[in-house]
Protein chains: 2
Amino acid sequence: MGVQERKARHKEELRQEILEVARKLFVEEGFKNVSMRRIAERIEYSPATIYLHFKDKSELIFELCEETFARLVERQEQLNERTYDSPIDFLREGLSGYVEFGVAHPDHYRVTFMMADDEIDPSTYQSPDCMGMRAFGNLRAAVEACVQQGLFPKQNADTAAQALWAGVHGLVSLYIVMPEFPWADRQKVTETLISGLIEGLQAG
Amino acid sequence: MGVQERKARHKEELRQEILEVARKLFVEEGFKNVSMRRIAERIEYSPATIYLHFKDKSELIFELCEETFARLVERQEQLNERTYDSPIDFLREGLSGYVEFGVAHPDHYRVTFMMADDEIDPSTYQSPDCMGMRAFGNLRAAVEACVQQGLFPKQNADTAAQALWAGVHGLVSLYIVMPEFPWADRQKVTETLISGLIEGLQAG
DNA sequence: AATCTAAATGAACGGTGTTCACTATGGGCG
DNA sequence: CGCCCATAGTGAACACCGTTCATTTAGATT
């Protein structure tokens, strides 16, 4: 009965090859230029074959994004293992890490958090246990810690977390969409937004 | 020579009819579902005719966005005519107006500030005198006033304006892309971000 | 050798933006 | 009036896209 296993292995290999080729196309030429036909050409199978392994294009790209966002989540959880003078330092670290990550993986970020429901399927990309949402969850937890220690007086954890998220998301998405904009100094802008918001939340 | 004028008028009428039909399709069915062929069908001309009036689809949609963003700019400039106790009140008004506007015109906002360069042409959408950029310019001016009056100590106007812009842009774009997200309370989140940031900038 | 199963595909469907050689219309002029 | 020419308009094509499905192919089982 080793035959079935070999077949299954073979199938999994092809699946991985599809992902590999798609990943390469995706990071090198962006979402728009990844087409099922081009992937098919590169793996030397017909386009229809891809549909034996993935429901549709959205699902395929989703896996690539999950893969990449998993690295952000991992990094966030590594941060968790260090100790900090204050939960605010931890939060700050998480926020700037988020921005760095987004800028480093613009296409993955775009697909995950900047695409309309007619291009991607929100029910998969925004499900509570997908990596993008888990990344936000970690951020929320960091805010929760601050609230619990009374560092963000009069703040609700959810509200504060969402405001902070919007802030860093705004940075990332503008950096991605407007690389030619005459930014004052990205580092400084990022710092100003993060520190500004945190101080504002502390002031209450 | 009234003939040429009549012809020119007729041409302008057709141009306006194209825009009108496109606008209707655009707000009712979103960017993705506005196709040159569907516009052509509705104006009862062939698709090729549209290209006698617009360079390409991007330019056509751009005009619609300009039109709409012009209303934001206008509103901002009306704000300018009132007087405020503090330039901070004026700034706050501008920021919440920006968010309201974005949420009210999600498709126009998406095209103007959330699309990649392979879908739209940044050199037109991000030119310094397009309405989107003028809207930011007004915001920047409001920040400048705060800086000049020493209300944002140790802050550079550009850096602060860009941070604030990123903040409100983040709100708008997340609201647009994730309408199903369990927002705490959009009003409160918006308030938290705007007030938080402003207080942070005041604290310096 | 015949049969069954799963993988793979060719060809099509219905769409997209865009271009271009061509036709048709109607005003200007001899 | 009839001819000419500019301009408006178009049909058909190009080169793509995602997706589906009836059909073929290949390989293992009986």
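Residues numbered from 1 in each chain as written. Chains lettered and ligands numbered in written order. Predicted model: local features only at pLDDT ≥ 70, side-chain atom pairs only at ≥ 80, totals over all residues. Heavy atoms only, no water.

Engineer: Help me get a handle on the protein's contact with DNA strand C, residues and values and all.
Structural biologist: In the region of DNA strand C, 19 residues are neighbours, and Ser46 and Thr49 of chain A together with Ser35, Arg37 and Tyr51 of chain B sit closest. Sugar and phosphate atoms form 58% of the subset of DNA strand C atoms that lie within 4 Å of the protein. Within the side chain of Ser35 of chain B, one N or O atom sits 2.8 Å away from a phosphate oxygen of DNA strand C. One of the side-chain nitrogen or oxygen atoms of Arg37 of chain B is found 2.4 Å away from a base nitrogen of DNA strand C. Sorting the residues of the surface near DNA strand C by element identifies helix H1 (2-29) and helix H3 (47-50) of chain A together with helix H1 (2-29) and helix H2 (36-43) of chain B as the ones contributing at least two each. Of the residues forming the surface near DNA strand C, the biggest block, 3 residues, is contributed by H2 of chain B. (Near = heavy atom within 4 Å. Polar contact = N/O pair within 3.5 Å; in protein donor to acceptor, adjacent residues only side chain to side chain. Helix = DSSP H or I, 4+ residues; strand = E, 2+ residues; numbered from the N terminus.)

Engineer: Go over the pattern of salt bridges with me, naming the residues and quoting the values.
Structural biologist: Residue and element names in this part refer to chain B. Taken as a whole and assessed by the stated rule, the structure comprises 16 salt bridges over all chains. The residue Glu67 makes a salt bridge to Arg23 at a minimum N-O spacing of 2.4 Å. Of this pair, Glu67 sits in helix H4 (residues 57-79) while Arg23 sits in helix H1, placing them 44 residues apart in sequence. Looking at Arg23, the relative accessible area reads 27%, which means it is partly exposed. (Salt bridge = Lys/Arg side-chain N within 4 Å of Asp/Glu carboxyl O. Buried < 20%, exposed > 50% of the residue type's maximum accessible area, 1.4 Å probe, protein only.)

Engineer: If you had to explain the protein's contact with DNA strand D to someone new, which residues and values would you point to?
Structural biologist: Taken together, 19 residues form the shell around DNA strand D, and within it Arg6, Ser35, Arg37 and Tyr51 of chain A together with Thr49 of chain B come nearest. Taken together, the sugar and phosphate atoms account for 56% of what DNA strand D places within 4 Å of the protein. Within the side chain of Arg37 of chain A, an N or O atom sits 2.2 Å from a base nitrogen of DNA strand D. Between DNA strand D and the protein, one listed contact pairs a phosphate oxygen with a backbone N or O atom of Lys57 of chain A at 2.9 Å. Looking at the surface near DNA strand D, the elements with two or more residues in it are H1 and helix H2 (36-43) of chain A together with H1 and helix H3 (47-50) of chain B. Across the surface near DNA strand D, the residue classes tally to 9 nonpolar, 3 polar and 7 charged. (Nonpolar A, V, L, I, M, F, W, Y, C, P; charged D, E, K, R; others polar.)

Engineer: Any details on the interface of chain B and chain A? Residues and values, ideally.
Structural biologist: Taken together, the contact pairs 42 residues of chain B with 42 residues of chain A. Summed over both sides, the interface between chain B and chain A buries roughly 3500 Å², with carbon and sulfur atoms accounting for 67% of that surface. Scanning the region where chain B abuts chain A turns up 0 salt bridges. Run the count over chain B and chain A and you get 9 residue pairs in polar contact (both at pLDDT 80 or more). Contributions of two or more residues to the side of chain B that touches chain A are made by helix H6 (106-113), helix H8 (131-148), helix H9 (157-177) and helix H10 (186-203) of chain B. No other element matches H9 of chain B, which puts 14 residues into the side of chain B that touches chain A. (Contact = heavy atoms within 4.5 Å. Buried area = accessible area lost by both parts, 1.4 Å probe.)

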